[in-house]
Amino acid sequence: MEWRNDKVEGAMRVETDLEFAGLVAGPVTVASGATLHLTGMAASLWVEPGATAVVRGTVTDAALNAGGHLEIYGTVGSTRDVAASALTQIMPGAIVDGIRK
């Protein structure tokens, strides 16, 4: 798994396994077959079918799951499954919509 800690001004597409500890000012898309461990911050998150995202950092806006696997340990503005095949797990202590779970 690659590790990065930098600032991305626009959108970012993750197509290989990545642990990201930096800041993404735009939306992050996790492609099918890829895994993202987000310990940093992103504006928004889109999880494609067959992708995995683990949020231990912050997604300031929405984390949308279009058929992948999404685990939330950190803080997310909101979350929604947009496909029947989506699996979203909100772990104890995570903050979603300003509410600690």
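For the structure itself, consult the block above.
Residues numbered from 1 in each chain as written. Predicted model: local features only at pLDDT ≥ 70, side-chain atom pairs only at ≥ 80, totals over all residues. Heavy atoms only, no water.

### Brief notes about the pattern of salt bridges
Okay, so step 1: Taken as a whole and assessed by the stated rule, the structure comprises four salt bridges.
Okay, so step 2: Several salt bridges share partner residues, and in doing so they unite R13, E15 and E48 into one network. (Salt bridge = Lys/Arg side-chain N within 4 Å of Asp/Glu carboxyl O.)

### Describing the nonpolar core
Okay, so step 1: One finds M12, F20, V28, L36, L45 and L70 to be the most contacted residues of the largest nonpolar core, which totals 24 residues.
Okay, so step 2: Elements with a contribution of two residues or more to this core: β3 (12–14), β4 (18–20), β5 (23–30), β6 (35–38), β7 (41–47), β8 (52–55), β9 (58–65) and β10 (69–72).
Okay, so step 3: With near-sequence residues (within four places) excluded, F20 lies in contact with R4, D6, V8, M12, L36, H37, L38, T39 and G40. (Core = buried A, V, L, I, M, F, W, Y, C linked by side-chain atoms within 4.5 Å. Buried < 20%, exposed > 50% of the residue type's maximum accessible area, 1.4 Å probe, protein only. Helix = DSSP H or I, 4+ residues; strand = E, 2+ residues; numbered from the N terminus. Contact = heavy atoms within 4.5 Å.)

### Side note on the environment of S85
Okay, so step 1: As for its position among the elements, S85 is in the loop between β11 (75–81) and β12 (87–90).
Okay, so step 2: Distance in space between the C-alpha atoms of S85 and A21 is 28 Å, their sequence separation being 64 residues.
Okay, so step 3: In this view, S85 contacts G67 and G68; residues no more than four positions away in its chain are not counted.

### Quick word on the sheet that holds strand β1 (residues 2–4)
Okay, so step 1: Judged by pairing direction, the sheet is parallel, and its six strands sit side by side in the order β1-β4-β6-β8-β10-β12 without closing on themselves. Both edges of this open sheet fall to β1 and β12, since each of them pairs with a single strand only. With direction set aside, neighbouring strand axes in the sheet form an average angle of 10°.
Okay, so step 2: Direction of pairing for β4 relative to β6: parallel, over a ladder of three bridges. Paired with E19 across the two strands is H37, which belongs to β6. (Pairing = 2+ DSSP bridges. Axes fitted to C-alpha atoms, helices over the stretch in contact; angles between N-to-C directions.)

### Describing the side chain of S44
Okay, so step 1: Position of S44 relative to the elements: it lies in strand β7.
Okay, so step 2: Judged by relative accessible area, which is 18%, S44 ranks as buried.
Okay, so step 3: Aside from chain neighbours lying at most four places away, what touches S44 is G26, P27, V28, V59, D61 and A62.

### Focus on the packing of aromatic side chains
Okay, so step 1: With the rule as written, the count across this model stands at zero aromatic pairs.
Okay, so step 2: If you follow R56 out to its NZ or CZ, it ends over the ring of Y73, 3.9 Å from the centre. (Phe/Tyr/Trp six-rings, centres within 6.5 Å; stacked < 30°, edge-to-face > 60°. Lys NZ or Arg CZ within 6 Å of the ring centre and 35° of its normal.)

### Topic: the environment of I72
Okay, so step 1: Locating I72 in the fold gives a position in strand β10.
Okay, so step 2: Note: C-alpha distance between I72 and V82 (10 residues apart in sequence) is 16 Å.
Okay, so step 3: With residues near it in sequence (within four places) discarded, I72 still touches V55, T79, T88, Q89, I90, M91, A94 and V96.

### Here's the deal with the pairing of β7
Okay, so step 1: Counting buried positions over the seven residues of β7 gives five, a clear majority of the element.
Okay, so step 2: Bridge count for β7 against β9 is five bridges, and the pairing is parallel. Within the sheet, the bridge partner assigned to M41 lies in β9 and is T58.

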